[in-house]
Number of protein chains: 2
Amino acid sequence: MKIQELDADRLDMAANMLKAMAHPMRIAILKHLEAGKKLTVTEIHELLGIEQSTTSHHLGILKDKGVLCSRREGKNTFYYLKHDILSQVINCLQRCTCGE
Amino acid sequence: MKIQELDADRLDMAANMLKAMAHPMRIAILKHLEAGKKLTVTEIHELLGIEQSTTSHHLGILKDKGVLCSRREGKNTFYYLKHDILSQVINCLQRCTCGE
DNA sequence: ATAGTATATTTATATATTTGCATTCGTCTA
DNA sequence: TAGACGAATGCAAATATATAAATATACTAT
């Protein structure tokens, strides 16, 4: 894996994904979306006990930065991980924040 | 893996680690520190072509948030990953930013 | 069309981050 | 001890981000 593969554009893209994930509430959201799960905005806002508009805003950020995808089905919009592999990132962090 | 394990403190800690990593230059730094490699501030600032003070600042952030460790040896300070597992995060991102 | 529910966007204010420069601090060596 | 070198810090300007409230849009059922 060569360094030059990580050109400026890809670094920016990666940084944007991380930046989107770098928020306690958004990590909690991602935690609920592991293993290909799909949840609606309302389900998430009820699960986490935060405002609907706040939830939608967080989801919008995650989607905008390429972490999540969404699919509308009737009145609901389901959100899910764009890359299943991103569950690994959350799990890594979980392990790293275990014994400190 | 239960949700309640991810209490507020650990979410904050995880978010802080991600925030520390969520910067193009810092991702580039981490890329150079894969596989247990240890580099000095000067080596990194020359590898990346950025100011020494900027480099030191970025390294300080990564260390402060628990991503890196450092060890002084004479005039030099070597920086290295606190958890080898964090290489996985970088690799995940690399794969996720491949074909977009 | 209208009402009701589900999402999304906009706005403004407050707060934080990035960066380079100059300076300072530690450590080694002549 | 002085000078050189590597690293860390303080500062300030530009830029970016968070937050919450208000408003707007999209769809469904009647």
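Conventions adopted
Residues numbered from 1 in each chain as written. Chains lettered and ligands numbered in written order. Predicted model: local features only at pLDDT ≥ 70, side-chain atom pairs only at ≥ 80, totals over all residues. Heavy atoms only, no water. Near = heavy atom within 4 Å. Polar contact = N/O pair within 3.5 Å; in protein donor to acceptor, adjacent residues only side chain to side chain. Helix = DSSP H or I, 4+ residues; strand = E, 2+ residues; numbered from the N terminus. Nonpolar A, V, L, I, M, F, W, Y, C, P; charged D, E, K, R; others polar. Pairing = 2+ DSSP bridges. Buried < 20%, exposed > 50% of the residue type's maximum accessible area, 1.4 Å probe, protein only.

Hey, could you run me through the protein's contact with DNA strand D in this one?
Taken together, 18 residues are adjacent to DNA strand D, and K19 and H23 of chain A together with T42, Q52 and Y79 of chain B come closest. Put simply, 73% of the atoms of DNA strand D that lie within 4 Å of the protein are in sugar or phosphate. The separation between a sugar or linking oxygen of DNA strand D and a polar side-chain atom of N76 of chain B is 3.0 Å. Elements supplying a minimum of two residues to the surface near DNA strand D: α4 (52–64) of chain A together with α3 (41–48), α4 (52–64) and β3 (76–81) of chain B. When the residues that make up the surface near DNA strand D are grouped by side-chain class, the tally is 2 nonpolar, 11 polar and 5 charged.

What is the right way to read the sheet that holds strand β1 (residues 39–40) of chain B from this model?
Strand pairing within a sheet occurs via backbone hydrogen bonds; the two strands may be parallel or antiparallel. Residue and element names in this part refer to chain B. Across the sheet, 3 strands lie side by side as β1-β3-β2; this open sheet has antiparallel pairing. In this open sheet, the two edge strands, each paired with only one partner strand, are β1 and β2 (68–73). Where β2 and β3 come together, 6 bridges link them in antiparallel fashion. Each residue of the ladder has a partner; that of R72, found in β3, is T77.

What exactly am I supposed to notice about the pairing of strand β3 (residues 76–81) of chain A here?
Strand residues, when the strand is regular, have side chains that alternate between the two faces of the sheet. In terms of burial, β3 of chain A is largely enclosed, as 5 of its 6 residues are buried. Hairpin connection of strand β2 (residues 68–73) of chain A to β3 of chain A: 2 residues between the antiparallel strands, including G74 of chain A at a positive phi of 65°.

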